[in-house]
Amino acid sequence: MSAVRVLIVDDDPLVRAGLTMILSGDEEVAVVGQAADGAEVPAAVARHRPDVVLMDIRMPGVDGLAATEALRRQPSAPEVLVLTTFDADEFVLRALRAGASGFLLKDTPPGQIREAVLRVAQGEATLSPSVTRQLIAHVAAGVPPERGRAAEMLDRLSTREREVAMAIAQGRSNAEISAALYMSVATVKAHVSRVLTKLDLNNRVQVALLVHDAGLA
């Protein structure tokens, strides 16, 4: 199995150097490039063909939110992991809605950064249920969810697909959904694919946010 190709996007050269050092020591991960601003992302992605982009949110030129939105609109776009300081960053939820697969705190332990990169490359979200709740509460406190629209979208799903969507919103992995709903992992993956297609979403995080908007999580 080839190494997961990673592009690091951050305006701080020390952060880029630190992340490169952390990830370069793992044979399962290869840092293939760096960028210092969101404006550099399209060319860097085209040149390096990463599987995962580690994206800072706050950058002086094109910020990570705009860069994520533009990148995820492209066909065969790499997965995006947002880098954030959490307490100071009110744009994280918007980045997740734009298609980012999760987020990492900049002080996340090296081993967890590696695991997050590998997990996202495999199509899994990096948000635990507790972190999802904290994030939504922090960024969207006081903002009423679009319950009507979200509920209408979820009505497109079959009963089984809706159960899978609810499990995704709880932060469960495919293996955990398999055990909880008594179906094979392959069947879970098929249901997840159909859920994403029917809802016209990019990834599991967006499914979780939609379930939250519907008031079901």
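Residue indices follow the written sequence of each chain, beginning from 1 at its first position. Reporting of local features is limited, given that this is a predicted model, to residues whose pLDDT is at least 70; pairs of side-chain atoms are given and counted only at 80 or more, and all residues count toward the totals for whole chains, interfaces and linings. Based on all heavy atoms of the structure, the side-chain values leave hydrogens and waters out of the count.

Engineer: Honestly, the overall build of the protein chain in this entry has me stumped. Any pointers?
Structural biologist: Under the scheme used here, helices are H or I runs from DSSP no shorter than 4 residues and strands are E runs no shorter than 2 residues, and both carry numbers assigned from the N terminus. A tally of helices and strands in the protein chain yields eleven helices and five strands. Relative accessibility thresholds used throughout: buried, under 20% of the residue-type maximum; exposed, over 50%; partly exposed, between the two (1.4 Å probe, protein chains only). Taken across its 217 residues, the protein chain has 47% of its residues classed as buried. Contacts: residue pairs with any heavy atoms within 4.5 Å of one another. Sequence separation of at least 24 residues holds for 69% of the intrachain contacts in the protein chain that already meet a minimum separation of 6. Accessible areas in this description were obtained via Shrake-Rupley with a 1.4 Å probe; residue shielding takes into account the shown protein chains only. Surface accessibility of the protein chain: about 10,500 Å² in total, with carbon and sulfur atoms responsible for 53%.

Engineer: Just checking my understanding: could you explain the UniProt feature "modified residue: 4-aspartylphosphate" (unreviewed entry) in the protein chain for this structure?
Structural biologist: Mapped onto the present numbering, the UniProt feature "modified residue: 4-aspartylphosphate" (unreviewed entry) falls on Asp-56. Turning to its location among the elements, Asp-56 is positioned in strand 3 (residues 52-56). Using a relative accessible area of 3% as the deciding quantity, one classes Asp-56 as buried. Ignoring any residue separated from it by four or fewer positions in sequence, one finds Asp-56 in contact with Val-9, Asp-10, Asp-11, Gly-64, Leu-83 and Lys-106. UniProt positions are given in the numbering used here, feature names are shortened, and annotations may be inferred rather than shown by experiment.

Engineer: Explain the pattern of salt bridges here, please?
Structural biologist: Take a side-chain nitrogen of Lys or Arg and a carboxyl oxygen of Asp or Glu: if they are within 4 Å of each other, that pair is a salt bridge. This model, assessed by the stated rule, comprises seven salt bridges. Here Arg-114 makes a salt bridge to Glu-28, at a shortest N to O gap of 2.3 Å. On the criterion of sequence distance, the pair formed by Arg-114 in helix 5 (residues 110-121) and Glu-28 in the loop between helix 1 (13-24) and strand 2 (29-35) is long-range, its members being 86 residues apart. A residue is classified by how much of its surface remains accessible, and Glu-28, at 38% relative accessible area, is partly exposed. One network of salt bridges, in which partners are shared, links Glu-28, Arg-114 and Glu-115.

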